[in-house]
Amino acid sequence: MTIQNRYEFVYFFDVTNGNPNGDPDAGNLPRMDPETSKGLVTDVCLKRKIRNFIELCYENEPGYEIYVKEKSVLNLQNKRAYEALSIKPEAKKLPKDEAKAREITAWMCKNFFDVRSFGAVMTTEVNSGQVRGPVQFAFAQSIDPIVPVELSITRMAVTNEKDLEKERTMGRKSIVPYGLYRVHGFISAKLAEKTGFSDDDLQKLWQALQLMFEHDHSAARGEMVARKLVVFKHQDALGNQPAHKLFERVTVERVNGDMAMPAQSFDDYRISVNTDGLTGVTVEELI
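Overview of the structure. Since this is a predicted model, take the numbers as computed values, not measurements.

**Quick word on the packing of helix α2 (residues 74-84) against helix α3 (residues 98-111)**
Their axes nearest at 9 Å, the elements α2 and α3 cross at an angle of 120 degrees. Taken together, α2 and α3 sit at an angle that is classed as oblique. Read as a crossing pair, α2 and α3 show a hand that is right-handed. Contact with α2, carried on its side by Gln77, Asn78, Arg80, Ala81, Tyr82 and Ala84, involves Ile104, Trp107 and Met108 of α3 and no other residues of that element. Looking at side-chain class alone, the contact of α2 with α3 contains 6 nonpolar, 2 polar and 1 charged residues.

Set out below in structure tokens:
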């Protein structure tokens, strides 16, 4: 059964001495808003971490395969739907029979968690249609401006024999000393009806948001921690309050440290949720 309620959520995570999302157009420096110097993390980056967590935990559970994953060939993924339904694919086109076309797209939704959740454009050489997912993320933005630091690093080994006389090789590493990031999310029950996104899927999404950083540690990302997840649940599928009004109820204050200096830790902030006079919507803090 698909979800019956609309949801919005506010998610906070922080990074210490790491690069939460490098910008390939800027030498892999941490992404930043050029106008405000606030740090950015793309929705694509966050969805990647959710996909990795679901694959790690539920890869052998039916219906929880991942469509967009490392070394995945999308044409081959799409072809599986045609083979399962005994339909012959036609280059770049869905079957002319609309019922068969819907069956193919529905098969992809049923078997792949990320298609069912985030949607996908599957109009490759083997065409499986397009899906608009019920779960959407905005960009994450740091609460305060970040001050990236670029460090030189050395490696005692060399890559090629011709460089054997060198004592070491040099490299660069960019980090954010500390940053608290906030992201807004949206879950549409009406779109969930079309993809089959269920209550079980929703619980796995909440689990991923709480635990995905615990299984994503690397030298590049430093320490990344999920700090707070505030969920707004509407009484019905259409919703009872505008999303932006709900997001305004979650506020962040700087409470410790030198206010003229960047924050040093999560303890420098206080996150508050105002539930006064809120009708038609329930609030739950999962973290």
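**Some thoughts on the nonpolar core**
Judged by nonpolar contacts, the single largest core of 40 residues is most densely connected at Tyr11, Ile50, Ile187, Trp206 and Leu209. Mapped onto this core, the elements with two or more residues apiece are β1 (7-18), α1 (43-58), α4 (113-118), β7 (135-137), β10 (169-187), α5 (189-195), α6 (199-211) and β11 (223-234). Considering every element that reaches this core, the biggest residue donor is α1, with 6 residues. Sequence-distant contacts of Ile50, defined by excluding residues within four places in its chain, comprise Phe113, Phe118, Phe137, Leu205, Ala208, Leu209 and Met212.

**Some thoughts on the packing of aromatic side chains**
As enumerated under the stated definition, the model contains 14 aromatic pairs in all. Ring centres 6.3 Å apart and planes at 70 degrees place the aromatic pair Trp107 and Phe112 in the edge-to-face group. The burial state of Trp107 is the same as that of Phe112; both residues are buried. Relative to Phe137, the ring of Phe118 lies with its centre 6.4 Å away and its plane at 65 degrees, an arrangement referred to as edge-to-face. In this pair, Phe118 sits in helix α4 while Phe137 sits in strand β7, placing the two residues 19 residues apart along the sequence. The buried category is assigned to Phe137, whose relative accessible area is 8%. Here the aromatic residues Tyr7, Phe9, Tyr58, Tyr64, Phe113, Phe118, Phe137 and Trp206 are joined through ring pairs into a cluster of three or more. The ring centre of Tyr64 lies 5.2 Å from the NZ or CZ of Arg116, which sits over that ring. A cation over a ring is seen here: Lys204 above Tyr58, with NZ or CZ 4.7 Å from the ring centre.

Each value, and the rule that gives it
Residues numbered from 1 in each chain as written. Predicted model: local features only at pLDDT ≥ 70, side-chain atom pairs only at ≥ 80, totals over all residues. Heavy atoms only, no water. Axes fitted to C-alpha atoms, helices over the stretch in contact; angles between N-to-C directions. Helix = DSSP H or I, 4+ residues; strand = E, 2+ residues; numbered from the N terminus. Parallel < 35°, antiparallel > 145°, perpendicular 65-115°, else oblique. Left-handed = near helix turned anticlockwise from the far one by under 90°. Contact = heavy atoms within 4.5 Å. Nonpolar A, V, L, I, M, F, W, Y, C, P; charged D, E, K, R; others polar. Core = buried A, V, L, I, M, F, W, Y, C linked by side-chain atoms within 4.5 Å. Buried < 20%, exposed > 50% of the residue type's maximum accessible area, 1.4 Å probe, protein only. Phe/Tyr/Trp six-rings, centres within 6.5 Å; stacked < 30°, edge-to-face > 60°. Lys NZ or Arg CZ within 6 Å of the ring centre and 35° of its normal.

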